[in-house]
Amino acid sequence: HNFNPCHNRYGVDLYFLDRFPAAARPFYTMPAPDDPDYSNSYDIFLRGEEICSGAQRIHDPSMLEEAIAAKGVAVGPALSTYIESMRYGMPPHGGAGIGLERLVFLYLNLDNVRKASMFPRDPNRCSP
């Protein structure tokens, strides 16, 4: 039984979701150039499970300060240093985080993600 809506509708197991609403992303995510209600961000799904999330980050210090204020985030010493470093020049950049254990779990069609982890964690296991 396949619970992947994209597989059921389009016959695909791997798909990308692009341009998330800006309100659903962190303050440092770059807004879409044509509509600030959306962001330059994406998630990659395999068999209905998110395996990667990524985005372009704001690289302009003034724009970052505005985004921080709009989200109501407090600017402490660490964030102040981050913003200040951008005043010396920051190229456009982005990043992505892949869930390697999720990817292995789905690729091997395992019945539990903990089987894809060398040291799985749960409420009853906090050390190897």
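Residues numbered from 1 in each chain as written. Predicted model: local features only at pLDDT ≥ 70, side-chain atom pairs only at ≥ 80, totals over all residues. Heavy atoms only, no water.

Trainee: Give me the nonpolar core: which residues, what numbers.
Mentor: If you look at the biggest cluster of nonpolar residues, it comprises nine residues: F27, M30, I58, L64, A67, I68, L79, I83 and M86. Where this core is concerned, the elements lending two or more residues are α2 (61-71) and α3 (77-86). Apart from residues no more than four positions distant in its own chain, I58 is found in contact with F27, Y28, T29, M30, P31, M63, L64, A67, M86 and H93. L46, C52, F105 and L106 belong to the second-largest nonpolar core, a separate cluster that totals seven residues. (Core = buried A, V, L, I, M, F, W, Y, C linked by side-chain atoms within 4.5 Å. Buried < 20%, exposed > 50% of the residue type's maximum accessible area, 1.4 Å probe, protein only. Helix = DSSP H or I, 4+ residues; strand = E, 2+ residues; numbered from the N terminus. Contact = heavy atoms within 4.5 Å.)

Trainee: Describe the environment of I68, listing the residues and the values that go with them.
Mentor: Relative to the assigned elements, I68 resides in helix α2. C-alpha separation for the pair I68 and P91, spaced 23 residues apart in sequence, amounts to 19 Å. Leaving out residues up to four positions away in the same chain, I68 has contacts with F27, V73, V75, L79 and I83.

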